[in-house]
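Fold and contact review
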Amino acid sequence: LEAAHMRAPYVCKSEAACGVPHSHDMAVFSDATQLEHFPVPAPFTIQEFHNHGAVIFKIYVLGGEWFVHPGPSLPDASATAELTPFNSQQLKLNTDPAAAEMRQKSLVMLKENKKTLVDSIVAAVAQKFGLGLFGLDLLLSSVSGKMYIVDANYFPGYSGVAQFHDKLTDFIKSRAREKQNINT
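Residues numbered from 1 in each chain as written. Predicted model: local features only at pLDDT ≥ 70, side-chain atom pairs only at ≥ 80, totals over all residues. Heavy atoms only, no water.

1. Observations regarding the pattern of salt bridges
Counted according to the given criterion, the structure contains three salt bridges. Between lysine 58 and aspartate 137 there is a salt bridge, with the nearest N and O atoms lying 3.1 Å from each other. Within this pair, whereas lysine 58 is found in strand E4 (residues 55-62), its partner aspartate 137 is found in strand E7 (residues 133-140), the two being separated by 79 residues in sequence. Accessibility expressed as a relative area gives 6% for aspartate 137, which makes it buried. Here aspartate 119 and lysine 115 are joined by a salt bridge, their closest N and O atoms 2.9 Å apart. (Salt bridge = Lys/Arg side-chain N within 4 Å of Asp/Glu carboxyl O. Helix = DSSP H or I, 4+ residues; strand = E, 2+ residues; numbered from the N terminus. Buried < 20%, exposed > 50% of the residue type's maximum accessible area, 1.4 Å probe, protein only.)

Here you go:
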């Protein structure tokens, strides 16, 4: 990990995206020897863990629009973190008033100060992969304010997107019209 110029703490996650029981099992750790006790079979991906105030931002893309939904994540960790296994689908949102205030501040920062950056990321992913429906998981560092993409999903759940079914129907109709126009 040092050879890759990565700094502790780290997060380890299965490379299995879905379809197996351990696909959402992860762990935060600070030393590679701790992985001997990680109950998820290889292969897995290791990334630097960036402290982010226990909030992950789910970006849901639907055509040319994106929607953001703050979700629960792990609390901040130290560079000497013990092995902390968890399942990302079973995390609970911290309802403490201070945590709620931090979540709201981060959401405002993302929507206002980082909007142009998110717009360009969404456009690049849509163009590169030819997608109109996808999701991105973003973190905002509570230390530096930098944004990190930690996951991408080809058809996310769209939790919290108001009138999702109507928007999805409109998107499908729009794509069908585009195809029809191309073929005539």
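2. Thoughts on the sheet that holds strand E6 (residues 84-87)
Each strand in a sheet pairs with its neighbour through backbone hydrogen bonds, running either in the same direction (parallel) or in the opposite one (antiparallel). On the basis of which strands lie adjacent, the open sheet formed by four strands has the order E3-E1-E2-E6 and antiparallel pairing. Looking at which strands have only one partner, the edges of the open sheet turn out to be strand E3 (44-48) and E6. Strand after strand, the sheet turns through a mean of 25 degrees between neighbouring axes, direction not considered. As paired strands, strand E1 (residues 10-14) and strand E2 (residues 25-29) are joined by four bridges and run antiparallel to one another. Residue pairing across strands places tyrosine 10 opposite phenylalanine 29, the latter belonging to E2. (Pairing = 2+ DSSP bridges. Axes fitted to C-alpha atoms, helices over the stretch in contact; angles between N-to-C directions.)

3. Points about the packing of aromatic side chains
Counted under the stated rule, the structure contains five aromatic pairs. Residues tyrosine 60 and tyrosine 158 carry aromatic rings whose centres are separated by 5.3 Å and whose planes lie at 35 degrees to one another, so their mutual orientation is tilted. Placement of tyrosine 60 in strand E4 and of tyrosine 158 in the loop between strand E8 (147-153) and helix H3 (164-183) is noted, with a sequence separation of 98 residues between them. Accessibility expressed as a relative area gives 7% for tyrosine 60, which makes it buried. Here a set of aromatic residues connected by ring pairs shows up, and it is made of Tyr60, Phe155, Tyr158 and Phe164. (Phe/Tyr/Trp six-rings, centres within 6.5 Å; stacked < 30°, edge-to-face > 60°.)

4. Notes on the nonpolar core
Among the nonpolar cores identified, the biggest contains 17 residues, and Phe57, Ile59, Leu110, Val118, Val122 and Leu138 are the most heavily contacted of them. The set of elements that each furnish at least two residues to this core consists of E4, strand E5 (65-72), helix H1 (97-113), helix H2 (115-129) and E7. Leaving out residues up to four positions away in the same chain, leucine 138 has contacts with Ile56, Phe57, Ile59, Leu110, Val118, Met147, Tyr148 and Ile149. Membership of the second largest hydrophobic core comes to nine residues, among which are Tyr60, Leu62, Phe67 and Phe171. (Core = buried A, V, L, I, M, F, W, Y, C linked by side-chain atoms within 4.5 Å. Contact = heavy atoms within 4.5 Å.)

As far as function goes, none of this settles anything; it's purely spatial.
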